[in-house]
Structures are given as C-alpha cells and as structure tokens.
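Understanding the architecture of this molecule
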Amino acid sequence: MSGKDLYRLEQALKRILKENSVDRDHTVVFDASDAKNFRIDTAILECDTFSLFEGSDRKAVIIRDPFFLNAAAKTGSRGKKKEDKEEAEREKRMSVLEQYLKRPNPDTALVFYCHGFDADSRKKEYKLIEKYGAVITAYKKMYDRDFAIYCDEQLKKNKLTLRPDAKRELLARVDCDTLLLHNAIEKMLLYGEREYNLNDVRELVSLNPEVNVFNMSQQFIAGDLAGTIRSMNEMLKASFDHTSLMMMLASRIRSMYTLRKLYEKGMSESDIAMRLNMKPYAVKKGLENTRSLSSNKLLTYLCELAELDQGIKSGTIDPKEGFEQFILRNGKQYAGY
C-alpha cells in the first residue's frame, strides 16, 4: 500500500490490522528506507515466528518505506562494480521474498507500507509481489472534483450541513488534503452545531498556509489590495510573521516571473510545462493571472523584496513596516490609485 494521501493511507493500515485481528502487541515494524541497514531475510523470518506469549496467534509484519519500491531512493555513485553489487543484492532479496510468497504464513499479514510516496510499478520487487496475488492499493492525492465528492460524503456521514458559500470556503481552506478535512470536521463536531455558515468556517477551520500564500499572491498581482491585506492578516493570526510572508510572496512572484519570461521569449504553454516540469493547466492559469504584467514588472517586485530582505537583516528596516509599505505601495500602484 502506498500514496501521498497520508490520512487515507494511515486509515487503510488501521483497517487492515483490524480486519486481521492484529493488535499493537502483535505488530512488528521494519524500517526499510535505508538499503544499508535493512535485511529482507530478518523481516521474512519474523513472518514465520510465533509469539510465545498468550493471546492472538495473528500478527502483522510491516515493511515501512521499502527503498526497493521507491523510485526516488538514492543509490549513491554509479559504476560497474556498484551496479553489479546492487544487482546481486536485488537477486538475493528477490529469492528470499519469492520463497516466502510461495508459502506465506496464513497467520501473518505482511504489509509493504510506502508512506508518502507511490510504489514504483517498474521495480522487479513490485512485479514479484503482484505476481503472487498481493492486494495493491494506492492513495493518491485527489483532484478537486473527486475531493469535493469525498467531502460531501464525509459531511453527510457526520450529519453536518454547510451552506454553499461555507462549503466553498472549507474546500479552499483544506485544499484537497484529507487530513486537514478530517481535522476540520472534528472541530465542527466538538463545537456541537449541525449547520455552519461562512463565518463559522472562517472561525473554526485554519487556512492551509500554501493556499493562503497563493491567494495573497494572486490578489496582490490582480491589484486586490483589500484581499491581499485580508489574506496577510489571516496568516499573521496563524502565527506567521512578516518576514516569512515576504519570503513566501517572493517565491510565488519568482515562479510567475519565470513563466512570464519564458512566454515572452516565444515558448508555447506546452513547452513551458515540459521545461519547468509543471502541469499544462497550471502554466495556463499562471499566464492568465499575469497577463496584465510584464516579466520586467515582476522582476521589479522581486528586486524590491530583495532590498527589503537586506534591510531587515541589517536591522535598518522593521519587518512589519517594510512589508506593509511594499504591499500598500505596489497594490495601490497596480490598482490604479
């Protein structure tokens, strides 16, 4: 089991243990993230080891974050000797694993648990596990439409009703993150009401910082001074300081500058997406959001923020005063004031 949707992944593991009547005392976890320290034969031996204590005969062996299923796992420097050694280790690992999979212990649940990444189906180990009938589940982060359906299901399950504008605000604040959604639902349940409006959601549900800095940058670029200040104040309430807001805004503007600069050089949206390893839709939206600005204007903002950063570090500029003046000066300028 694998995926980047950590909430659903963790809930699925709990469900597997419950369905197999395995408690914490009968669960053994092996950290398989490091190729140098993990030994597959030790984990497989544990699968056939019975507890000497009284209680359930059922047990679970969890191989957590197996490097041999992770496409991003680092293998170090390459070379003929290195490759030969890795291949020999892989063949040994495959042999040990296959011997067990041919005759698995029916009283042991063997789980390959990839926390935060997708198991690489190209790996030989993946194909071997699949060959012997393993139940393979992947919990990818949901897209907006699927997440909205999932949200409705969870609200209905918990007998909660949100007005349309409140539901839109909830979806914006949790940003397709199932863990944030369930935390929000838990807060609403603790609050005790069954129906919530827009102000209720704003008071109860914390805003995802990534979403808010995105909103702040979009509002800033669009000349929405009131919206920019509102987003800024919400992040300040969430314990962010002016310096961190400045760095986040600079990062967003830098990304938009890169998009606009490549587009001005004549690159197509598809070429830009390939060059920057971005989704075509994200490139399209980024260019739409900056259509009234040149790359030179965005670069001017970046230069101002860089000077502001240097002033703050040298102690000649107060972070609060400096950042607020930047927002007011450039917001008013673009908004036509």
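Predicted, not measured: the structure shown is a model, and the values here were computed from it.

**A few points about the pairing of strand β3 (residues 59–64)**
Among the 6 residues that make up β3, 5 are buried, leaving the element largely enclosed by the rest of the structure. When strand β2 (residues 27–31) meets β3, the two strands line up parallel, connected through 5 bridges. Of the residues in β3, the one forming a bridge with V28 is V61. Both β3 and strand β4 (residues 108–115) contribute to a ladder of 6 bridges, which runs parallel. Across the sheet, the residue bridging to I62 is V111, located in β4.

**Digging into the nonpolar core**
By size, the foremost hydrophobic cluster in this structure holds 24 residues, and its most contacted members are I253, L298, Y301, F323, F326 and I327. The set of elements that each furnish at least two residues to this core consists of α9 (209–221), α10 (225–237), α11 (242–264), α14 (295–314) and α15 (319–335). A total of 7 residues in this core trace back to one element, the largest contributor, which is α11. Listed in part, the 22 residues of the second largest apolar core include A32, F38, F68 and I129.

**Describing unusual backbone geometry**
The residue S21 is not glycine, and still its phi comes out positive at about 55°. Its relative accessible area of 51% is what places S21 among the exposed residues. For K159, which is not glycine, the phi dihedral falls at a positive 60°. Looking at where K159 falls in the secondary structure, it is placed in the loop between α5 (144–157) and β6 (161–162). K159 gets classed as exposed once you look at its relative accessible area, which sits at 65%.

**Thoughts on the packing of α11 against helix α12 (residues 269–276)**
At a minimum axis separation of 10 Å, α11 and α12 run at an interaxial angle of 130°. Classified by the angle between their axes, α11 and α12 sit oblique to one another. The interaxial crossing formed by α11 with α12 has right-handed handedness. Together, T258, L259, L262 and Y263 of α11 and I272, R275 and L276 of α12 make up the contact between the two elements. Tallied by class, the residues present in the contact of α11 with α12 amount to 5 nonpolar, 1 polar and 1 charged.

**Considering the sheet that holds strand β1 (residues 2–3)**
Judged by pairing direction, the sheet is parallel, and its 5 strands sit side by side in the order β2-β3-β4-β1-β5 without closing on themselves. Edge positions in the sheet fall to β2 and β5 (138–139), since each of these pairs with one other strand and no more. Taken strand by strand, helix α1 (residues 6–19) contacts β1, β2, β3, β4 and β5, and its axis lies near 175° from that of β4.

**Quick word on the packing of α11 against helix α13 (residues 280–289)**
Orientation of α11 relative to α13, taken along the N-to-C sense of each, is 90°, at an axis distance of 9 Å. In this view, α11 runs roughly perpendicular relative to α13, as classed from their interaxial angle. Along the contact surface, α11 presents L259, R260 and Y263, while α13 presents V283, G286 and L287. Of the residues contributing to the contact of α11 with α13, the split by class is 4 nonpolar, 1 polar and 1 charged.

**Points about the confidence of the model for the chain**
Of the residues in the chain, 94% have a pLDDT of 70 or more, and the chain-wide mean is 88. Taken together, the stretch residues 333–337 has pLDDT below 50 and engages in 10 contacts with residues farther than four places along the chain or on a different chain.

**Remarks on the state of the cysteines**
With the rule as written, the count across this model stands at 0 disulfides. Looking at C114, it has no disulfide partner, and the nearest cysteine sulfur is the one in C47, 16 Å off. Sulfur of C176: no disulfide; nearest cysteine sulfur belongs to C151 and is 9.9 Å away.

**Comments concerning the environment of S217**
As for its position among the elements, S217 is in helix α9. We classify S217 as buried; its relative accessible area is 0%. With residues up to four places along the chain from it excluded, the contact list for S217 reads L249, R252 and M256.

**A few points about α10**
Between the first and last C-alpha of α10 there are 18 Å, a value that for 13 residues agrees with the 18 Å anticipated at 1.5 Å per step. Turning to α10, its buried residues number three or more, namely L225, G227, T228, S231, M232 and M235. All buried residues of α10 fall inside an arc of 165° around its axis, so they share one side. More than 90 degrees from the buried face of α10, the exposed residues found are A226 and K237. Just past α10, the residue S239 takes up positive phi, approximately 80°.

What counts as what
As a convention, each chain's residues are numbered from 1 in the sequence order in which they are written. Two thresholds apply to this predicted model, a pLDDT of at least 70 for residue-level local features and 80 or more for giving and counting side-chain atom pairs, whereas whole-chain, interface and lining totals are computed over all residues. Only hydrogens and water are set aside; all other atoms, that is, all heavy atoms of the structure, feed into the side-chain values. Type-normalised accessible area, obtained with a 1.4 Å probe on protein chains alone, sets the label of each residue: buried when under 20%, exposed when over 50%, and partly exposed for intermediate values. Starting at the N terminus, helices and strands are each numbered in turn, a helix being any DSSP run of H or I of at least four residues and a strand any DSSP run of E of at least two. One requirement defines pairing of two strands: DSSP has to find at least two bridges between them. Take the buried residues of types Ala, Val, Leu, Ile, Met, Phe, Trp, Tyr and Cys, join any two whose side-chain atoms come within 4.5 Å, and each joined set is a nonpolar core. Here the axes come from fitting lines to C-alpha atoms, over the contacting stretch only for helices, and the angles between their N-to-C directions go from 0 to 180 degrees. Geometric relationships in this document are graded by angle, where less than 35 degrees denotes roughly parallel, more than 145 denotes roughly antiparallel, 65 to 115 denotes roughly perpendicular, and other angles denote oblique. Helix crossings get a hand from a simple test, with the near helix turned counterclockwise from the far one by less than a right angle marking a left-handed crossing and a clockwise turn marking a right-handed one. Residue contacts are counted whenever heavy atoms from the two residues lie within 4.5 Å of one another. Gly falls in the polar group here, along with every residue not listed as nonpolar (Ala, Val, Leu, Ile, Met, Phe, Trp, Tyr, Cys, Pro) or charged (Asp, Glu, Lys, Arg). Each residue carries a pLDDT value, the predictor's own confidence for that position, ranging from 0 to 100. To count as a disulfide, a pair of cysteine sulfur atoms needs to be within 2.5 Å. One less than the residue count of a helix, multiplied by 1.5 Å, gives the span that helix is expected to have. This arc describes the spread of directions from the helix axis toward the C-beta atoms.

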